[in-house]
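What the coordinates show
The chain contents come next:
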Amino acid sequence: MAIERVGVVGCGLMGRGIAQVCARAGHATIVSEINDDLLATGMASIEKFLGKGVEKGKISEEEMQSTLGNLTGTTDLGSFAECDLVIEAATENREMKLEIFRNLDEICGPGAIFGSNTSSLNITELAVSTGRPDRVVGVHFFNPVPLMKLVEVVGTMLVDDSVVEEVKAFGQGLGKVVVVARDRTGFIVNRLLVPYLLDAIRVLDEGLAKMEDIDQAMKLGCGYPMGPFALLDLVGIDTTYYIANIMYEEFREHQFAPPPLLRRMVLAGRHGRKTGRGFYDYSK
Ligand code: 3HC
């Protein structure tokens, strides 16, 4: 079965990017939010990103219009009834995600595949909350979704191998490079990235060097596109804190323990670019 109609739950930072790349690849795509305001914000941001792409000469005006034409917004999960694949990209909250999966299971046809864009929750628990654990996988995109080339597809011990292959082919059809990982918290990228980001915060707190110098060192010394603090601000300080806690709970290893400064940043509301202030100040 080829995946044609796609649903995306959540039109936040990740969901809007996922919906955009699905629509751009020609899929009839429905994206949902919990209310009209959040939906309007997400849809406006997709239009703005595509508009910038036209300005930069990366896509044509026609491609922008056909992408928008493939995209429908909704606040009703019931609109996902006809979807072949639904990708959940809601807030990283276990209870909320479990409820979404239970609801989708009732709404969608038995052949539909469910994917979760979770960064850190385990896919097996999401899978067994449905009556179709053999059709549930992780589909993990990277921020900013339209620019980052990777997708991790995550299979559990319950998944049907043909479902992993279908989702892999779907990801490749979006123009992404797909890697496959087992269902272990953090998969490949966050398993290696999160300890690095947390270590950067620890050495800053220890006074090893200035934040700007640490960022420069990792950019120029390792050829990374961004230093760890710029990347923390992009990913979200709150999101990183949440992921670190879950990884620490799973592995009980010090490398995943959120450092005190990270917790203080979250409490202080410095959540990164999205709040105008994280390690850097974006208010201007
Ligand atoms: N439409 C189309 N193309 C666009 C565009 C748009 N609106 N905006 C930018 N682009 C293109 C640019 O033209 C450019 O293309 P080119 O290389 O062919 O010239 C390319 O995208 C890069 O854009 P910019 O030059 O404007 O920006 P930078 O060169 O500064 O790159 C970045 C920005 C891609 C974000 C880069 O800094 C980067 O790769 N950073 C690291 C991001 C990262 O690591 N993300 C993963 C985070 S972890 C995660 O998400 C997992 C989660 O679970 C936590």
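What comes next concerns the included structure. (Residues numbered from 1 in each chain as written. Predicted model: local features only at pLDDT ≥ 70, side-chain atom pairs only at ≥ 80, totals over all residues. Heavy atoms only, no water.)

1. Quick word on a positive patch on the surface
Here is the rule we go by: Excluding any residue in a salt bridge, patches collect residues exceeding 30% relative accessible area, merging like charges within 9 Å and nonpolar Val, Leu, Ile, Met, Phe, Trp and Tyr side chains within 5 Å. Using the Shrake-Rupley algorithm and a 1.4 Å probe, accessible areas are obtained, with residue cover drawn only from the displayed protein chains. Each salt bridge in this description consists of a side-chain nitrogen of Lys or Arg and a carboxyl oxygen of Asp or Glu lying within 4 Å of one another. Residues scored as charged are limited to Lys and Arg (positive) and Asp and Glu (negative), so that His and the chain ends carry no count. All charge positions are set by atom: Lys at NZ, Arg at CZ, Asp at CG, Glu at CD. The secondary structure listing takes helices from DSSP runs of H or I that are at least 4 residues long and strands from runs of E that are at least 2 residues long, numbered from the N terminus.
Taken together, the side chains of Lys48, Lys52, Lys56, Lys58 and Lys149 make up a positively charged region of the molecular surface. Its location among the elements puts Lys58 in the loop between helix 2 (36–55) and helix 3 (61–69).

2. What to know about the pairing of strand 7 (residues 150–155)
What counts is decided by this rule: Only protein chains enter the accessibility calculation, which uses a 1.4 Å probe; a residue is then buried when its area is under 20% of its type maximum, exposed when over 50%, and partly exposed in between. The pairing criterion is simple: DSSP has to find at least two bridges between the two strands. The crossover handedness rule: strands pointing away from the viewer, path from first strand over the helix to second strand clockwise, crossover right-handed.
In terms of residue burial, strand 7 counts as a mostly covered element, since five of its six residues are buried. Sheet analysis places strand 7 next to strand 8 (residues 177–182), joined by six bridges and oriented parallel. In the strand pairing of strand 8, Leu150 is matched with Val177. Chirality of the crossover, the property in question, places the unit of strand 7, helix 6 (residues 161–173) and strand 8 among those that are right-handed.

3. Considering the site of the ligand
Using the following cut-off: Residues are classed as near a molecule or strand on a simple rule: at least one heavy atom within 4 Å of it. Polar contacts, as counted here, are pairs of nitrogen or oxygen atoms within 3.5 Å of one another; within protein the pair requires one atom able to donate a hydrogen and one able to accept it, and residues that are adjacent in sequence qualify only if both atoms are side-chain atoms. Classes in brief: Ala, Val, Leu, Ile, Met, Phe, Trp, Tyr, Cys and Pro nonpolar; Asp, Glu, Lys and Arg charged; the others, Gly included, polar. An automatic or database domain assignment supplies the residue ranges for each domain.
In the region of the ligand, 19 residues are neighbours, and Phe49, Lys58, Ser119, His140 and Asn143 sit closest. In this structure, an oxygen atom belonging to the ligand sits 2.7 Å away from a side-chain N or O atom of Lys58. Out of a free accessible area of 1100 Å², the ligand has 63% covered by protein chains. Broken down by secondary-structure element, the contributors of at least two residues to the shell around the ligand are helix 2, helix 7 (189–206) and helix 9 (228–235). Class assignment of the residues belonging to the shell around the ligand gives a composition of 11 nonpolar, five polar and three charged. Counting the residues that make up the shell around the ligand, at least three belong to each of domain 1 (5–182) and domain 2 (190–275).

4. Description of helix 9
Quick note on the threshold: When checking whether two residues touch, look at their non-hydrogen atoms; a contact exists if any pair is within 4.5 Å.
Within helix 9, seven of the eight residues are buried, which leaves the element mostly enclosed by the surrounding structure. If you check which residues of helix 9 are buried, you get Pro228, Phe229, Ala230, Leu231, Leu232, Asp233 and Leu234. Structurally, helix 9 contributes buried residues whose contacts are with helix 1 (13–24), helix 7, helix 8 (211–222) and helix 10 (237–251). Immediately beyond the C-terminal end of helix 9, within one or two residues, lies Gly236, with a positive phi of roughly 110 degrees.

5. A short note on the nonpolar core
Note the cut-off: The definition of a nonpolar core used throughout is a set of buried Ala, Val, Leu, Ile, Met, Phe, Trp, Tyr and Cys residues joined through side-chain atoms within 4.5 Å.
Ranked by size, the top nonpolar core spans 33 residues in total, and within it Val6, Ile18, Ile87, Val137, Phe141, Val167 and Phe170 carry the most contacts. Elements supplying a minimum of two residues to this core: strand 1 (6–9), helix 1, helix 2, strand 4 (85–88), strand 6 (136–140), strand 7 and helix 6. Counting residues per element, this core draws most heavily on helix 1, at six residues. Excluding anything up to four places from it in sequence, Phe170 contacts Ile3, Val6, Cys22, His27, Leu85 and Ile87. Counting 22 residues, the second largest nonpolar core, distinct from the first, contains Leu198, Met247, Phe256 and Met265.

6. Concerning the packing of aromatic side chains
Within a pair of aromatic rings, the relevant descriptors are the distance that separates the centres and the angle that separates the planes. Selection criterion: Paired rings are identified among Phe, Tyr and Trp, the last through its six-membered ring, by centres lying within 6.5 Å, and are further divided according to the angle between planes into stacked (under 30 degrees), edge-to-face (over 60) and tilted (the rest).
A complete count under the given rule lists four aromatic pairs for this structure. Ring plane angle 75 degrees and centroid distance 6.1 Å describe the contact between Phe101 and Phe114, whose orientation is recorded as edge-to-face. Here Phe101 is found in helix 4 (residues 94–107), whereas its partner Phe114 is found in strand 5 (residues 113–116), with 13 residues between them in sequence. Accessibility classification places Phe101 together with Phe114 in one group, the buried group.

7. Comments concerning the packing of helix 9 against helix 10
As a reminder, the rule being used: To get an axis, fit a line to the C-alpha atoms, keeping to the stretch in contact for a helix; angles then go from 0 to 180 degrees between the N-to-C directions. Note on terminology: angles under 35 degrees are roughly parallel, angles over 145 are roughly antiparallel, angles of 65 to 115 are roughly perpendicular, and the others are oblique.
Packing of helix 9 against helix 10 leaves a shortest axis separation of 6 Å and a crossing angle of 90 degrees. Relative to helix 10, the element helix 9 lies roughly perpendicular. Along the contact surface, helix 9 presents Leu232, Asp233 and Val235, while helix 10 presents Ile237, Thr239 and Thr240. Looking at the contact of helix 9 with helix 10 residue by residue, the classes come out as three nonpolar, two polar and one charged.

8. Let's talk about the pattern of salt bridges
Taken as a whole and assessed by the stated rule, the structure comprises nine salt bridges. Residue Glu125 pairs with Arg94 through a salt bridge whose shortest N-O separation is 2.6 Å. A residue pair is termed long-range when its members are at least 10 positions apart, and Glu125 in helix 5 (residues 123–128) and Arg94 in helix 4 qualify at 31 residues. Residue Arg94 is classed as partly exposed on the basis of its relative accessible area of 36%. Of the charged contacts in the structure, one is a salt bridge between Asp238 and Lys274, with a shortest N-O distance of 2.9 Å. One end of the pair, Asp238, is in helix 10; the other, Lys274, is in the segment after helix 11 (260–267), with 36 residues separating them in the sequence.

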